[in-house]
Amino acid sequence: MDFRIIAQDGSRRRAEIITSRGVIRTPAFMPVGTLGTVKAMSPEELKDIGAEIILGNTYHLYLRPGIDVIAALGGLHTFMNWDKPILTDSGGFQVFSLAPFRKIEEHGVQFRSHIDGSLHFIGPKEAMHIQKVLGSDIAMAFDECIPYPATYEYAEDSIKITTRWARECKAHQNEGQALFGIMQGGMFRDLRRKSIEDLLEIGFDGYAVGGVSVGEPKEEMHDIISFTAPLLPVDKPRYLMGIGDLGDMLTAVDAGFDMFDCVMPTRNARNGTLFTSSGRISIKREEFKIDKSPLDPDCGCHTCRNYSRGYLRHLFLSREILSMRLNTIHNLHFYQDFFRKMRSAIEEKRFGEFKRQWEGVFGHEGNVDPTITGV
Ligand SMILES: [Zn+2]
């Protein structure tokens, strides 16, 4: 994997990650394909909307269908018919957030499956093995995502574990697969600094910031985003994990982050919350009942080119499968288009102006429950 910066506008970066399966232009948004599918989208449609990389979840794929099945069917790319880059997470986040039981041990975590309660163990060695079988282009180190709130003592102990596991992952790095380290440290600046110092000593192909958007207030989140970005090396990709609110991503790109992933555009689409150039809307609103206009007149996606708001409202209220498909196509296209615009703004050195303009549309909506937004 290669990384080169194409243009800079202050701290913002316009770069390229070059992999054997294709070039990823950054800032980049990675649609989330939890179980080997970005929900409601075919890989062909993902390419049409301009996705250059997607994310797969190690924890979910390990439990279902299981790595033996994926190995027998040729690895994750072949299994799902996606030949562009894939980044897999390490499973750490899901083990800590989904498993009904877990026990941290020296070399990993024993946990029960959220599906059938069966007992499993994943540590750095296992996470690297699973990601090898999946055959992702970028693997993530196995870490502990510190919950919020956490005491200083808890966070301090936790980053020691994350560092130890990061070292084990590095020792088991798979050939031909890039490996990113994950900075933790909770909301404590000195622990964040310590965490990245440890990771830099080990040395990774890219660096991620985890443990953000875990329930903390927006101000604290933005503080950590702005504080951590400059601590990451300039010559490697910088990935802010799990952040997908457009206002938050503007703040993060502004600080110098390159990569993002989130279920927000896809999950919201299925819930009828759609992103448009004039803000979020809930498609179920009465006012759209006989509205012939497209969802977003400024959007060139398949949905906006062919269907009216009135029809999309009807599909949603009738719980038709097509509603999820058309809404997801639009939301993901909107996100990819937003990133295209961010990249141009950085190239043309007008990101500050771009950010101010879009913050007026999306900057203050982050904490609003998507199910009630716009109603
Ligand atoms: Zn559209």
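Below: a short report on this structure. (Residues numbered from 1 in each chain as written. Predicted model: local features only at pLDDT ≥ 70, side-chain atom pairs only at ≥ 80, totals over all residues. Heavy atoms only, no water.)

### So, the pattern of salt bridges
Taken as a whole, this structure holds 23 salt bridges when the rule is applied. With a closest N to O distance of 2.6 Å, Asp 198 and Lys 194 form a salt bridge. Placement of both Asp 198 and Lys 194 in helix H8 (residues 189-202) is noted, with a separation of four residues, approximately one turn of the helix. One network of salt bridges, in which partners are shared, links Asp 9, Arg 12, Asp 254, Lys 355 and Glu 359. (Salt bridge = Lys/Arg side-chain N within 4 Å of Asp/Glu carboxyl O. Helix = DSSP H or I, 4+ residues; strand = E, 2+ residues; numbered from the N terminus.)

### Some points on the sheet that holds strand E13 (residues 238-240)
On the basis of which strands lie adjacent, the closed barrel formed by eight strands has the order E4-E5-E6-E10-E11-E12-E13-E14 and parallel pairing. Direction aside, neighbouring strands of the sheet carry axes that sit 30° apart on average. Across four bridges, the pairing between strand E4 (residues 28-33) and strand E14 (residues 259-262) is parallel. Opposite Ala 28, over in E14, you have Met 259 as the bridge partner. (Pairing = 2+ DSSP bridges. Axes fitted to C-alpha atoms, helices over the stretch in contact; angles between N-to-C directions.)

### What to know about helix H9 (residues 218-228)
Lys 218, Met 221, Ile 224, Ile 225, Phe 227 and Thr 228 are the residues of H9 that are buried. Taken together, the buried residues of H9 touch strand E11 (178-183), H8, strand E12 (206-209), E13 and helix H10 (246-255). (Buried < 20%, exposed > 50% of the residue type's maximum accessible area, 1.4 Å probe, protein only. Contact = heavy atoms within 4.5 Å.)

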